[in-house]
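Coordinate inspection notes
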Amino acid sequence: MTATSHCLDLSGRTALITGCGRPPGIGATTARTFVAAGGNVVVTDIAAAEPALQQLVADLGEGRAAYALCDVTSAAECQSAVNVAQERFGGLDVLVNNAGSPQGKDRGDLAEVDLGTCERVVDINLMGTVRMTRAALPLLRESAHGRIINLASLAGIRSLGGRAVYSGSKAGIQGLSVALAGELSEDRITVNALLPGVMDTGRNVVNPGAEGAATELVKASSPLGRPGTADDVAKAALFFASDLAEFITGQSLVIDGGISSGVAVW
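The structure contained in this document is the topic of the report that follows. Since we're looking at a predicted model, the values are computed, not measured. (Residues numbered from 1 in each chain as written. Predicted model: local features only at pLDDT ≥ 70, side-chain atom pairs only at ≥ 80, totals over all residues. Heavy atoms only, no water.)

Scanning the protein chain from terminus to terminus reveals eight helices and seven strands. Within the protein chain, the proportion of its 266 residues that are buried is 48%. Within the protein chain, counting contacts between residues at least 6 apart in sequence, those at least 24 apart form 74% of the total. (Helix = DSSP H or I, 4+ residues; strand = E, 2+ residues; numbered from the N terminus. Buried < 20%, exposed > 50% of the residue type's maximum accessible area, 1.4 Å probe, protein only. Contact = heavy atoms within 4.5 Å.)

Encoded structure:
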């Protein structure tokens, strides 16, 4: 085994990953990546996604994976998910807060968007991250390799139009990550945020047809000529979970193919 592969080895470590109910999505792909690196995973999502979670665990192997039904708007369900990590694998080393509300009914002029919809987006994205982190902290504090990886978004630092509430919730996750990095430094728990841009995943899919123009726009504006994939984000999550990132905390990593960097496209 090379020195680099050893640093990416998650053997003996357990991760809890929220929002894993969509097979092509970031959560499920991250779970597969972590297991491939030697780790154990607890995958979660809401009750409607239970069949997908069961299949994911079967694919990964029940000796290496377990699932818990968890709506992150419920503190009790967040705690139950953490309990599964303790009961099945004896603890928790990595928390990946991936569950989120998609950009959907909250799009549009803020004055016209239903207030209840706005509150739900914030409750899932920002407060869901808070609830799950609170539940996981006792076990993370017992770990010698405590990691928290929060999924924010490029939308939190760039105006994308008609997404004010979603963008605000994701900016809140980024700010929460920075603050927690300082507060948890004495516990040697690192906290970092991932900021995906336009992603070709099961939820935020860029495909031909109605959104074909968006696909062409991404290709034309991205220095790398394509939208991102769940695998791009999963590999970044593996880096933050690994020993390679043991001295990195309070940081935000943008994963957008260079769109936000101002790199010229020739």
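Having seen it, we continue.
Our focus in this paragraph is the pattern of salt bridges. Inspection of every chain in the model, using the stated rule, returns seven salt bridges. In this structure, Arg32 and Asp59 form a salt bridge, with 3.3 Å as the shortest nitrogen-oxygen distance. Of this pair, Arg32 sits in helix H2 (residues 26-36) while Asp59 sits in helix H3 (residues 50-60); the two residues are 27 residues apart in sequence, bridging distant segments of the chain. The exposure class of Asp59 is partly exposed, given its relative accessible area of 44%. Within this structure, Arg13, Arg147 and Asp243 form a network of salt bridges that share partners. (Salt bridge = Lys/Arg side-chain N within 4 Å of Asp/Glu carboxyl O.)

What follows is about the environment of Val41. Residue position: Val41 is located in strand S2 (residues 40-45). Relative accessible area serves as the criterion here: at 0%, Val41 is assigned to the buried category. Each C-alpha atom of the pair Val41 and Ala85 lies 8.0 Å from the other, and the pair is 44 residues apart in sequence. Contact partners of Val41, with chain neighbours within four places excluded, come to Ala15, Ile17, Ala31, Phe34, Val35, Leu60, Arg64, Ala65, Ala66 and Phe89.

Here the focus is helix H5 (residues 115-142). If you check H5, its first and last C-alpha atoms are 40 Å apart, about what 28 residues at 1.5 Å a residue would give, namely 40 Å. Among the residues of H5, the N-terminal cap falls to Asp114, whose side-chain oxygen and the backbone nitrogen of Gly116 are separated by 3.1 Å. (Expected span 1.5 Å × (residues − 1). Polar contact = N/O pair within 3.5 Å; in protein donor to acceptor, adjacent residues only side chain to side chain.)

Restricting attention to buried positions, one finds in H3 the residues Leu53, Leu56, Val57 and Leu60. For H3, the angular spread of the buried residues around the axis is 95°, confining them to a single face. Away from the buried face of H3 by more than 90 degrees, exposed residues Pro51 and Ala58 are located. Its buried side turned inward, H3 meets H2, S2 and strand S3 (65-69). At the exit of H3 stands Gly61, carrying a positive phi of roughly 100°. (Arc of directions from axis to C-beta.)

What follows deals with the side chain of Ser143. Looking at the element boundaries, Ser143 is found in the loop between H5 and strand S5 (147-151). The exposure class assigned to Ser143 is buried, which follows from its relative accessible area of 12%. A distance of 3.5 Å separates the side chain of Ser143 from the backbone nitrogen of Gly146, its partner in a polar contact. Excluding its chain neighbours within four sequence positions, the residues that come into contact with Ser143 are Leu92 and Asp93.

A ring pair, where both rings are aromatic, is described by two values, the distance of the centres and the angle of the planes. Scanning the model with the defined rule gives one aromatic pair in all. Seen from their ring centres, Phe239 and Phe240 are 5.5 Å apart, and the 45° between their planes marks the pair as tilted. The partly exposed category is assigned to Phe239, whose relative accessible area is 29%. (Phe/Tyr/Trp six-rings, centres within 6.5 Å; stacked < 30°, edge-to-face > 60°.)

Burial analysis of strand S6 (residues 190-196) places seven of its seven residues in the buried class, which makes it a mostly covered element. On S6, burial covers both faces: Thr190, Asn192, Leu194 and Pro196 on one face and Val191, Ala193 and Leu195 on the other are all buried. The pairing of S6 with strand S7 (residues 252-255) spans four bridges and is parallel. What sits directly across from Ala193, in S7, is Ser252. (Pairing = 2+ DSSP bridges.)

Here the focus is the state of the cysteines. Under the criterion given, the structure shown has zero disulfides. Free cysteine Cys70: the closest other cysteine sulfur is in Cys78, separated by 4.0 Å. (Disulfide = S-S within 2.5 Å.)

What follows concerns the nonpolar core. Of all hydrophobic cores here, the largest spans 32 residues; its most connected members are Ile17, Phe34, Val41, Val43 and Leu194. Listed by contribution, the elements that provide at least two residues to this core are strand S1 (14-17), H2, S2, H3, strand S4 (94-97), S5 and helix H8 (230-241). No other element matches the seven residues that H8 contributes to this core. Formed by 29 residues, the second largest nonpolar core is a distinct cluster that contains Ala81, Phe89, Leu92 and Leu140. (Core = buried A, V, L, I, M, F, W, Y, C linked by side-chain atoms within 4.5 Å.)

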